[in-house]
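Secondary and tertiary structure notes
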Amino acid sequence: MALSGGCQCGAVRFRVEGQPQRASICWCRMCQKAFAGPFGALVSVNVADLTWTRGQRSTFQSSDKIQRGFCAACGTPLTYEWSDDRIDLAVFAFDDPSAVEPAVQLAVEGRPAWMEHLADMPVRPALGPSGPVVSRQHPDHDL
């Protein structure tokens, strides 16, 4: 199995050979801040199975034990680094995030109460303020 992914602007790309390990959703406050969202969705892979195919990630030491990787050009969160032989990659940085389905939730005490009602919120079409949005995002595949 081979999966690829990268940042929003395409400056940093990666490829994973082999089977990803445990995928999770983490509701801790550090993941909420790092992803600027309600949770961080991460999947563990062996460092030996990971190849950076374009560019290099920048890093931030978010705690005494954790380093987080991101694209310095566009800010996309990419990694949660906690081990010499395994690394967690952001699920939604993969070209096909549905191929990496989370199986467990962590730190659920940090989950906002309003998340329980997310499915009940109204849905509107994806339009910008004056019509359809033209994306400048890198495509979800290597060029």
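Up top is the structure.
My aim in this report is to walk through the structure given alongside it, one point at a time. (Residues numbered from 1 in each chain as written. Predicted model: local features only at pLDDT ≥ 70, side-chain atom pairs only at ≥ 80, totals over all residues. Heavy atoms only, no water.)

A closer look at the layout of surface pockets
Inclusion rule: A cavity, in this analysis, means grid points on a 1 Å lattice covering only the protein atoms where a 1.4 Å probe fits yet has no way out; a pocket is instead an open set bounded by protein on both sides within 12 Å along at least five of seven lines, and a residue lines either one if it has an atom within 4 Å of a point. Grid points are joined across faces, edges and corners, and a volume is the space filled by probe spheres set on the points. Each residue receives one of three labels: charged for Asp, Glu, Lys and Arg, nonpolar for Ala, Val, Leu, Ile, Met, Phe, Trp, Tyr, Cys and Pro, and polar for the others, Gly being one of them.
Of the voids in this model, the largest pocket is the one considered here, and its volume is about 370 Å³. Every residue lining the largest pocket is counted, 23 residues in all, and those nearest its centre are G6, T76, P77, F92 and A93. Its residues assigned to classes, the lining of the largest pocket comprises 13 nonpolar, seven polar and three charged.

Here we look at the pairing of strand 7 (residues 67-70)
Applicable threshold: At least two bridges found by DSSP between two strands are what make those strands a pair. To qualify as a helix, a DSSP run of H or I must reach at least 4 residues; to qualify as a strand, a run of E must reach at least 2; elements of each kind are numbered from the N terminus.
By the bridge criterion, four bridges tie strand 6 (residues 58-61) to strand 7 in an arrangement that is antiparallel. By the bridge assignment for strand 7, S58 is matched with F70. Two strands pair when backbone bridges link them, and strand 7 and strand 8 (residues 77-81) are joined in this way by four bridges, in the antiparallel orientation. Counterpart to F70 in the pairing with strand 8 is P77.

A short note on a nonpolar patch on the surface
Cut-off, in case you're wondering: What makes a patch is a set of residues exposed beyond 30% relative accessible area and free of salt bridges, joined within 9 Å when like-charged and within 5 Å when nonpolar (Val, Leu, Ile, Met, Phe, Trp, Tyr). Accessible areas in this description were obtained via Shrake-Rupley with a 1.4 Å probe; residue shielding takes into account the shown protein chains only. Any Lys or Arg side-chain nitrogen found within 4 Å of a carboxyl oxygen on Asp or Glu counts as a salt bridge. Throughout this description, buried means an accessible area under 20% of the type-specific maximum (1.4 Å probe, protein chains only), exposed means over 50%, and partly exposed covers the range between.
There is a patch of nonpolar side chains on the surface, built from W114, L118 and M121 and spanning about 300 Å² of accessible area. L118 sits in the partly exposed class, given a relative accessible area of 41%.

Here we look at the pattern of salt bridges
Within this structure, the stated rule accounts for four salt bridges. Across the pair E17 and R15 runs a salt bridge whose closest N-O atoms are separated by 2.6 Å. Relative accessible area serves as the criterion here: at 36%, R15 is assigned to the partly exposed category. A salt bridge links R57 to E81, with the shortest nitrogen-to-oxygen separation between them at 2.7 Å. In this pair, R57 is assigned in the loop between strand 5 (50-54) and strand 6 and E81 in strand 8, connecting sequence segments 24 residues apart. Owing to a relative accessible area of 23%, R57 belongs among the partly exposed residues under this scheme.

Some points on the nonpolar core
Just so we agree on the cut-off: Take the buried Ala, Val, Leu, Ile, Met, Phe, Trp, Tyr and Cys residues and link them wherever side-chain atoms come within 4.5 Å; each set so joined is a nonpolar core. The contact criterion used is simple: two residues touch if any of their non-hydrogen atoms lie within 4.5 Å.
Core analysis: the largest hydrophobic core is formed by 20 residues, its most contacted members being F14, V16, V43, L50, L89, F94 and V100. Taken together, the elements giving at least two residues each to this core come down to strand 2 (13-17), strand 4 (40-46), strand 5 and strand 9 (86-90). Once residues lying within four places of it in the same chain are set aside, the contact partners of F94 are L3, S4, G5, F14, V16, V43, L89 and V100.

Everything listed here is a matter of geometry and, on its own, says nothing about what the molecule does.
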